[in-house]
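Tertiary structure, described
Read off the chains here:
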Amino acid sequence: MNTARQERLPQLDIFRALAILGVLHVHSSSFAAGEQALHSPYYYWLNWINIFFKFGTPSFIFLSSFVLFYNYYGRPVTRSLIINFYRRRLKYILLPYLLASMGYYALTLYVNGRLTQNLGGNLYSFIRALFSGSAYAHLYFVFISIQFYLLFPVLLKLLQSSRFLIKWAVPLGLALQWGFIFWNKYELHIVEKGSLAISYLAYYMMGAYIAIHFEKVKTWLMKPWRGLTARQKGWTALLVSGWLIAAFIHVQLWYVARHFGVWTDSLWYELLWNVHTMLSALVLLYATFLIYRKAPRGIVAFLTRLGELSFAIYLIHPLLLAVYRRFRYQIPLESLTYVLFIYGGLVVALGGSWLIVQFAFRRVPGSWIIFGSVPRSLESSPQEKSGYIPEERAKGFVQQEK
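Now for a description of the structure that goes with this document. In this text the structure is predicted, and so the values were computed from the model without any measurement.

The helix and strand inventory of the protein chain stands at 17 helices and zero strands. For the protein chain, whose C-alpha radius of gyration is 21 Å, the value lies close to the compact-globule estimate of 21 Å for 402 residues. The C-alpha extent of the protein chain, read off along each of the three principal axes, is 60 × 50 × 50 Å. By the burial criterion, 52% of the 402 residues in the protein chain qualify as buried. Approximately 19,200 Å² of the protein chain is accessible, and the part contributed by carbon and sulfur atoms is 67%. Considering the protein chain, the positive charge centre built from 38 side chains and the negative charge centre built from 15 side chains are found 7 Å apart.

So this is what it looks like as structure tokens:
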């Protein structure tokens, strides 16, 4: 089995940047699209932002799996590998998750005037929230990642030992994911099923499959359009057109439901979300390599730094959004100013979070305890200068892995 270090892929930081931009669009527009502006003349656009960009979290899960299998698939599963794997995640993922959960939960209690009331009950509720990823709305993603980290050594060993499982990885992931969807709909009725890793298993298996076959996939990603074969061009065009069609139908379905109150079977929302976001992950992967190859260096540098900071930005941005939303005052919901206010939240969440975490990484010792692994470009250790990026930085969302 090949144990050599894999080639570093700097393009993946751009993938993380595009994914975190998706997350920020969804979160900044959530209240407007979900309840506040249902009767605004600009509602179609607000709903479009909220639904179209839902690829963020699934794309991060796909990337997390890709990075893990890209780095580990060619290495034997030994005791030292597993110990090192979990030590890194305890340090750079679990610890920031614990502290973020404590901070957000305490803040929520304080805002609601319950911080010093029923301390025993608050502690019990916090523990339940911690083990369900619900201490604050966005922390479910980190909780999902932790579940996948627990499963990873087992899945790695299974895929290393069976070509059959590799070949059928994505169909098996889809079958298990959709089996759970049907089971939950008709029997379990778990409300917060989005906090369970099995709800994203197809994305995880797709990331593993592409990582294992990356030497073949790389020829598609690295070549300019004119260098692709006719077959590759055809499949690329089909991918992009299928993605756009799925995204449009997904947006329309939610618009009709929210704006006109015409709802359909929940399985249709699940299906369109699944198709839209799985295709989005593949389109983002292609776009990432295209941007890295073709975009001006300034844009590449901007997106690369954003990707490096994506995990920390993910952790802190809801706090800035919550503060920003307190300043809406008397802006009419039906006005264009309100739409600009919504986009202002995105700018504040992105820019403010960026400034805070970059300052912390550069100036505050031990900032990794709160924000996770320090980006290699902001530290000067010999390992980081060597050109090899530790797999945990796949981070960003693999740690991130956002």
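There is more to say, and it comes next.
Position of Tyr-204 among the secondary structure elements: in helix H9 (residues 201-212). Leave out the neighbours within four places in its chain, and Tyr-204 touches Ile-61, Ser-65, Leu-68, Phe-69, Phe-148, Phe-152 and Leu-155.

Take the side chain of Arg-305 next. With respect to the helices and strands, Arg-305 occurs in helix H13 (residues 297-308). Engagement of the side chain of Arg-305 in a polar contact is seen with the side chain of Glu-308, the distance being 3.0 Å. The residues touching Arg-305, leaving out its near neighbours within four places in the chain, are Trp-354, Gln-358, Arg-362, Ser-377 and Leu-378.

Turning to the packing of helix H1 (residues 11-36) against helix H14 (residues 310-324), a few remarks are in order. Between H1 and H14, the shortest axis-to-axis distance is 11 Å and the interhelical angle comes to 15 degrees. Between H1 and H14, the crossing angle belongs to the class labelled roughly parallel. Two packed elements cross with a definite hand, and for H1 against H14 that hand is right-handed. Contacts between H1 and H14 involve Arg-16, Ile-20, Val-23, Leu-24, His-27 and Ser-28 from the first element and Ser-310, Ile-313, Tyr-314, His-317 and Leu-321 from the second. Counted by class, the contact of H1 with H14 contains six nonpolar, four polar and one charged residues.

Looking now at the packing of aromatic side chains. Each aromatic ring pair is specified by the distance between its two centres and by the angle formed by the two planes. Scanning the model with the defined rule gives 43 aromatic pairs in all. Between Trp-45 and Trp-48, the aromatic rings sit 5.2 Å apart at their centres with planes inclined by 10 degrees, giving stacked as the arrangement. Linking Trp-45 with Trp-48, this pair stays in helix H2 (residues 43-52), spanning three residues, or about one helical turn. What makes Trp-48 partly exposed here is its relative accessible area of 25%. Both rings, one in Trp-178 and one in Phe-182, keep their centres 6.0 Å apart while their planes meet at 50 degrees; by these two values the pair is tilted.

Parameters at a glance
Residues numbered from 1 in each chain as written. Predicted model: local features only at pLDDT ≥ 70, side-chain atom pairs only at ≥ 80, totals over all residues. Heavy atoms only, no water. Helix = DSSP H or I, 4+ residues; strand = E, 2+ residues; numbered from the N terminus. Rg over C-alpha atoms; globule rule 2.2 N^0.38 Å. Buried < 20%, exposed > 50% of the residue type's maximum accessible area, 1.4 Å probe, protein only. Areas by Shrake-Rupley, 256 points an atom, 1.4 Å probe, with all protein chains shown as cover. Lys, Arg positive; Asp, Glu negative; His and termini not counted. Charge placed at Lys NZ, Arg CZ, Asp CG, Glu CD. Contact = heavy atoms within 4.5 Å. Polar contact = N/O pair within 3.5 Å; in protein donor to acceptor, adjacent residues only side chain to side chain. Axes fitted to C-alpha atoms, helices over the stretch in contact; angles between N-to-C directions. Parallel < 35°, antiparallel > 145°, perpendicular 65-115°, else oblique. Left-handed = near helix turned anticlockwise from the far one by under 90°. Nonpolar A, V, L, I, M, F, W, Y, C, P; charged D, E, K, R; others polar. Phe/Tyr/Trp six-rings, centres within 6.5 Å; stacked < 30°, edge-to-face > 60°.

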